[in-house]
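Understanding the architecture of this molecule
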Amino acid sequence: MHVPDGFIDAPVSAAAGVVAAGAVAVSLRGARRELDERTAPLAGLVAAFIFAVQMLNFPVAAGTSGHLLGGALAAILVGPYTGVLCISVVLLMQGILFADGGLTALGVNITVMGVTTTVVSYALFRGLATVLPRTRRSTTAAAFVAALISVPAAACVFTLIYWIGGTTDIPIGKVLTAMVGVHILIGIGEAVITGLTVGAVIAVRPDLVHGARGLTSPLKLRIGGELVDAPARRSVAPAAARSTRGLWATGLVTALVLAGFVSFYASANPDGLEKVAADKGIDKRVEEHAAKDSPLADYGVKDISDERLSGGLAGVIGVGATIVVGSGVFWAVRRRRTPDAAADIRTKEAV
Amino acid sequence: MSKPTAPAPSLEVSGLAYAYPDGHQALFGVNLTVARGERVALLGPNGAGKTTLVLHLNGILDAGAGTVRVAGLPVEKHNLAEIRRRVGIVFQDPDDQLFMPTVREDVAFGPAASGLRGAELEERVTEALRQVGMEEYANRPPHHLSFGQRRRVAVATVLAMRPEILVLDEPSSNLDPASRRELADILRSLDVTVLMVTHDLPYALELCPRAVILSEGAIAADNRTQDLLCDEELMRAHRLELPFGFDPRSVTMGV
Amino acid sequence: MGAGHAHKLYRHVHSPVHDLPPHCKLTAVFSFVLVVVLTPREAVWAFALYAVLLAGVAAVARIPAAFLLKRLLIEVPFVAFAVLMPFVVPGEQTELLGVSVSVPGLWGAWNVLAKGTLGVAASVILASTTELRSLLLGLQRLKLPPMLVQIASFMIRYGDVITGEMRRMSIARRSRGFEARGVRQWGVLAKSAGALFIRSYERGERVHLAMVSRGYAGSMPVIDEVTASRTQWAHASALPVLALVICLLGWTV
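Along each chain, residue indices are assigned from 1 in the same order as the chain's sequence is written. All chains are assigned letters beginning with A, and all ligands numbers beginning with 1, in the order in which they are written. Whole-chain, interface and lining totals are the exception, using all residues; otherwise, since this is a predicted model, local features are given only for residues with pLDDT of at least 70 and side-chain atom pairs are given and counted only at 80 or more.

Regarding the overall build of chain B
The secondary structure listing takes helices from DSSP runs of H or I that are at least 4 residues long and strands from runs of E that are at least 2 residues long, numbered from the N terminus. Scanning chain B for helices and strands turns up ten helices and ten strands. As defined in this context, the radius of gyration uses C-alpha atoms, and a globule is described by 2.2 Å times the residue total to the power 0.38. In terms of overall dimensions, chain B is globule-like: its C-alpha atoms have a radius of gyration of 18 Å, near the 18 Å expected for 255 residues. Considering only C-alpha atoms, chain B reaches an extent of 55 × 45 × 40 Å along its principal axes. Counting over 255 residues, chain B shows a buried share of 48%. Across chain B, the fraction of contacts at a sequence separation of at least 24, relative to all contacts at a separation of at least 6, is 67%. Partly exposed residues are those whose C-beta has more than 12 but fewer than 20 other C-beta atoms within 10 Å; 20 or more makes a residue buried and 12 or fewer makes it exposed, with C-beta atoms placed from the backbone. A residue pair is marked as a contact if its C-beta atoms, positioned from the backbone, fall within 7 Å.

Side note on the environment of isoleucine 76 of chain A
Residues and elements named next belong to chain A. Secondary-structure assignment places isoleucine 76 in helix α3 (residues 71–78). On the basis of neighbour counts, which here come to 31 C-beta atoms within 10 Å, the residue isoleucine 76 falls in the buried class. Along the sequence, isoleucine 76 and glycine 95 sit 19 residues apart, while their C-alpha atoms lie 25 Å from each other. In this view, isoleucine 76 contacts Ser121, Tyr122, Phe125, Ala143, Ala146, Val198, Val209, His210 and Gly211; residues no more than four positions away in its chain are not counted.

Some points on the sheet that holds strand β5 (residues 73–74) of chain B
Hydrogen bonds between backbone groups are what pair the strands of a sheet, and the pairing can be parallel or antiparallel. Residues and elements named next belong to chain B. With antiparallel pairing, four strands are arranged side by side in an open sheet as β2-β1-β4-β5. Of all strands in the sheet, those bounded by a partner on one side alone are β2 (25–34) and β5. When DSSP locates at least two bridges between a pair of strands, those strands are taken to pair. Bridge count for strand β1 (residues 11–19) against β2 is seven bridges, and the pairing is antiparallel. Following the sheet pairing, valine 13 is matched in β2 by leucine 32.

A closer look at the interface of chain C and chain A
Taken residue by residue, the interface counts 70 residues in chain C and 57 residues in chain A. When residues of the side of chain C that touches chain A are traced back to their parent elements, those giving at least two are α1 (2–9), α3 (22–38), α6 (76–88), α7 (103–129), α9 (146–175) and α10 (186–213) of chain C. Here the side of chain C that touches chain A takes 18 residues from α10 of chain C, the largest share from any one element. Each residue gets one label: Ala, Val, Leu, Ile, Met, Phe, Trp, Tyr, Cys and Pro are nonpolar, Asp, Glu, Lys and Arg are charged, and the others, such as Gly, are polar. Residues belonging to the side of chain C that touches chain A are distributed by class as follows: 45 nonpolar, 18 polar and seven charged.

Digging into the nonpolar core
What tends to happen in soluble globular proteins is that the nonpolar side chains get buried as a cluster. We define the nonpolar core as any set of buried residues of the types Ala, Val, Leu, Ile, Met, Phe, Trp, Tyr and Cys, connected via C-beta atoms lying within 7 Å of each other. One finds Ala47, Ile76, Leu85 and Val89 of chain A together with Ile151 and Met155 of chain C to be the most contacted residues of the largest nonpolar core, which totals 236 residues. Here the element with the most residues in this core is helix α6 (residues 136–165) of chain A; it accounts for 18 residues.

Some words on the packing of helix α4 (residues 80–98) of chain A against α7 of chain C
Geometry is summarised by axes, namely lines fitted to C-alpha atoms with helices restricted to the contacting stretch, and by angles between N-to-C directions that run from 0 to 180 degrees. Two numbers describe how α4 of chain A lies on α7 of chain C: the axes approach to 6 Å, and their chain directions differ by 90 degrees. Between α4 of chain A and α7 of chain C, the crossing angle belongs to the class labelled roughly perpendicular. Between α4 of chain A, through Gly95, Ile96 and Leu97 of chain A, and α7 of chain C, the contact on the second element is made entirely by Ser123, Leu126 and Ala127 of chain C. Considering only residue class, the contact of α4 of chain A with α7 of chain C consists of four nonpolar, two polar and no charged. For classification purposes, angles smaller than 35 degrees are called roughly parallel, those larger than 145 roughly antiparallel, those between 65 and 115 roughly perpendicular, and all remaining angles oblique.

A closer look at the packing of α3 of chain C against helix α11 (residues 230–252) of chain C
Residue and element names in this part refer to chain C. Here α3 crosses α11 at 0 degrees, and the two axes come no closer than 9 Å. In terms of orientation, α3 lies roughly parallel with respect to α11. Across the interface between the two elements, Cys24, Lys25, Thr27, Ala28, Ser31, Phe32, Val35, Val36 and Leu38 of α3 pack against Gln232, Trp233, Ala236, Ser237, Leu239, Pro240, Ala243, Leu244 and Cys247 of α11. The residue makeup of the contact of α3 with α11, split by class, is 13 nonpolar, four polar and one charged.

Some points on the environment of glycine 159 of chain C
Residue position: glycine 159 of chain C is located in helix α9. Sequence spacing of glycine 159 of chain C and serine 170 of chain C is eleven residues, and the spatial spacing of their C-alpha atoms is 16 Å.

Focus on the sheet that holds strand β7 (residues 165–169) of chain B
Residue and element names in this part refer to chain B. Spatial strand order, β6-β7-β8-β3-β9-β10: six strands in an open sheet with mixed pairing. The open sheet has two free edges, formed respectively by β6 (87–90) and β10 (218–224), since each of these has just one partner strand. Sheet twist, expressed as the average angle between the axes of neighbouring strands with direction ignored, equals 20 degrees. Relative to strand β9 (residues 210–215), strand β3 (residues 39–43) is paired through four bridges, and the arrangement is parallel.

Below, the structure is given as structure tokens:
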């Protein structure tokens with residue numbers, strides 16, 4: 001999905017660049033919190049890991065193979081901020097060194113493959129992790145779902161960008177069908193590998209999975225040969241905490257799922273208003289086509305299918321937008337929570 | 001500790017105890033004094049707490065109980081920068097130690113972090129690389145060097161800080177015999193206090209006149225290296241084994 | 001990838017292009033690509049001139065044409081996309097080799113191919129004339145946030161180490177008769193990825209320890225400064241400035 005130069009027009013590329021720069025700036029600040037002063041070496045190693053993992057081809061079907069994008073994996077393992085940084089650095093180096101992805105399209109690439117995948121997957125992951133029972137298996141399952149959605153979500157964001165600033169006027173429905181279709185397949189592979197990888201890491205070093213903090217059992221301290229309970233350093237998933245944040249997390253996830261299902265369902269039928277518009281010949285695009293194209297009958301058929309697709313597009317963009325907005329909310333709330341995390345933990349201990 | 005010590009020993013550890021946050025207690029009151037200019041081998045089975053002890057020497061781990069002093073200066077939060085300049089730790093895997101893109105920058109990292117710049121910095125780097133015989137590799141990336149060369153550069157990165165005491169974690173591991181000997185020559189030529197953590201008993205005997213055994217988180221023995229290695233019962237008690245065919249009695253030490 | 005591959009990208013010869021300071025080259029390439037992207041696609045001759053310009057730079061940099069062309073292969077997935085364009089884009093139809101294709105689609109394909117290829121070629125020339133280390137210094141000089149530069153430099157430093165570990169794990173897998181043939185093997189691959197992550201992370205911690213032991217307190221000490229003279233800037237700017245002239249002509253003619 002590395003977008004080359006000249007694919008997206010200049011203003012939109014620039015706008016995506018601004019979005020990407022903003023996201024990186026936010027992440028730079030957030031990453032310090034996730035990894036304290038170890039940020040640079042650890043994020044660098046994780047970036048190298050993502051680089052390496054992208055070389056890990058997994059066979060999909062007869063002769064073809066896909067490779068991991070790694071956004072979801074990075075977000076779940078080291079947290080969303082560090083994840084964004086790692087993927088951005090990987091993309092930057094790929095662009096400069098391997099000419100993989102255009103330099104002017106760097107903003108688009110970071111926005112699509114770095115920011116979207118990490119933010120969407122992390123929001124989903126946290127949401128699911130809060131709702132599901134706190135076991136290793138459900139963490140793995142949450143990672144699976146998060147990765148599964150993150151890839152088509154990135155495809156949606158790409159389509160959205162293409163829709164606004166694509167240099168060629170391909171019917172957006174076709175772009176979307178192609179992009180989302182292909183990326184749902186890739187997403188399945190990504191999801192399986194991500195879920196299993198997270199599962200494998202949790203089995204050995206649960207403390208290393210950023211998204212699974214709080215799964216560890218209480219610690220013991222040996223003083224003079226006797227085992228004494230150590231004061232809990234991290235919150236150990238108290239039920240009280242679950243009920244406080246569980247409520248809105250459940251709400252968010254339900255909203256996301258509903259938004260997804262409803263708009264997918266809606267997309268099966270052409271949107272009412274649009275249909276009317278087309279019938280009455282108000283639809284500008286149809287008008288254009290009618291004026292331009294010679295074999296009318298032929299295009300009539302095409303238009304209907306286009307229309308269906310554009311209905312589908314609206315739905316899926318809706319899902320994408322919902323997910324992005326939802327995760328934005330999630331993010332904002334999480335950020336507000338973080339400063340008083342220490343106080344939070346103390347309260348939980350008191351309970 | 002029956003060893004006579006100089007007025008300000010390079011290293012003074014007393015009553016050091018430490019438990020990891022996960023509850024595993026690694027050190028149970030370590031007492032160790034290393035005089036200036038001494039070369040001491042720290043021996044002990046796996047899991048004896050050797051690495052944990054090393055990480056206390058420059059304040060990466062905070063003592064649970066007891067104190068560590070380096071050349072008279074206690075290891076405490078407010079003087080960590082000075083402590084880390086004085087204690088040079090060479091880690092076991094040179095790939096962990098060499099993190100900069102070129103050898104020169106890697107050697108310069110420590111002195112530059114303590115504020116050196118320009119010609120003075122350059123001089124430090126050249127001097128340290130010369131001490132380990134790696135001057136001509138200054139501009140090479142570390143990952144293009146052989147393992148033995150990387151270990152030597154790792155020693156140089158620490159020497160560039162002009163440490164009071166050089167702490168080596170398994171310096172001879174993974175080295176071929178020639179690199180092993182070259183490193184020994186380098187270490188012998190240095191005029192610096194050395195604490196060498198090792199499983200390589202012949203190497204300890206070759207380089208360090210004195211040895212201590214760390215076992216179950218405390219110093220179990222402290223003596224001339226040769227005497228320790230010849231004490232079969234003591235060696236067995238602490239899971240230390242000499243390589244096949246090696247007889248420490250037959251070695252005559254220069255010192 | 002990582003350094004192991006990266007130094008294969010770099011061509012170790014001496015040329016005026018190699019000697020230019022990295023931040024000048026980065027700026028020049030970026031401006032060049034920007035100008036190319038801004039050129040109207042109807043000005044076909046302008047793209048031909050751009051290609052000539054790049055060929056000139058490649059010649060000065062002593063990059064053999066075969067090397068450059070081979071590296072252009074990275075673009076192939078998008079070529080496939082571009083080839084599809086004339087068939088899926090609606091609009092005026094025309095006959096090409098007996099097949100009906102759309103005119104806007106052809107323009108679109110041309111646009112993506114021409115601009116994409118020029119962009120890739122410019123990046124290839126940059127990567128083959130600039131060492132990784134200086135690229136990082138250049139990025140630093142261009143005020144990329146120091147944290148990102150640090151992350152990138154760690155990534156490059158450890159890219160080899162980690163891909164090496166991955167290769168060893170793959171050899172170990174295959175030595176025990178494992179061959180990734182289909183979906184059923186995903187689990188094993190994922191376990192490898194998990195193990196690789198743990199190794200990477202633990203190495204990160206050890207590297208951090210080694211850094212702290214040598215006085216690291218959160219920021220990298222400045223060891224090298226790259227500087228550029230006015231002449232060097234002038235040389236580097238030749239490419240984008242000429243391109244800009246062509247671009248302006250493209251808009252006016």
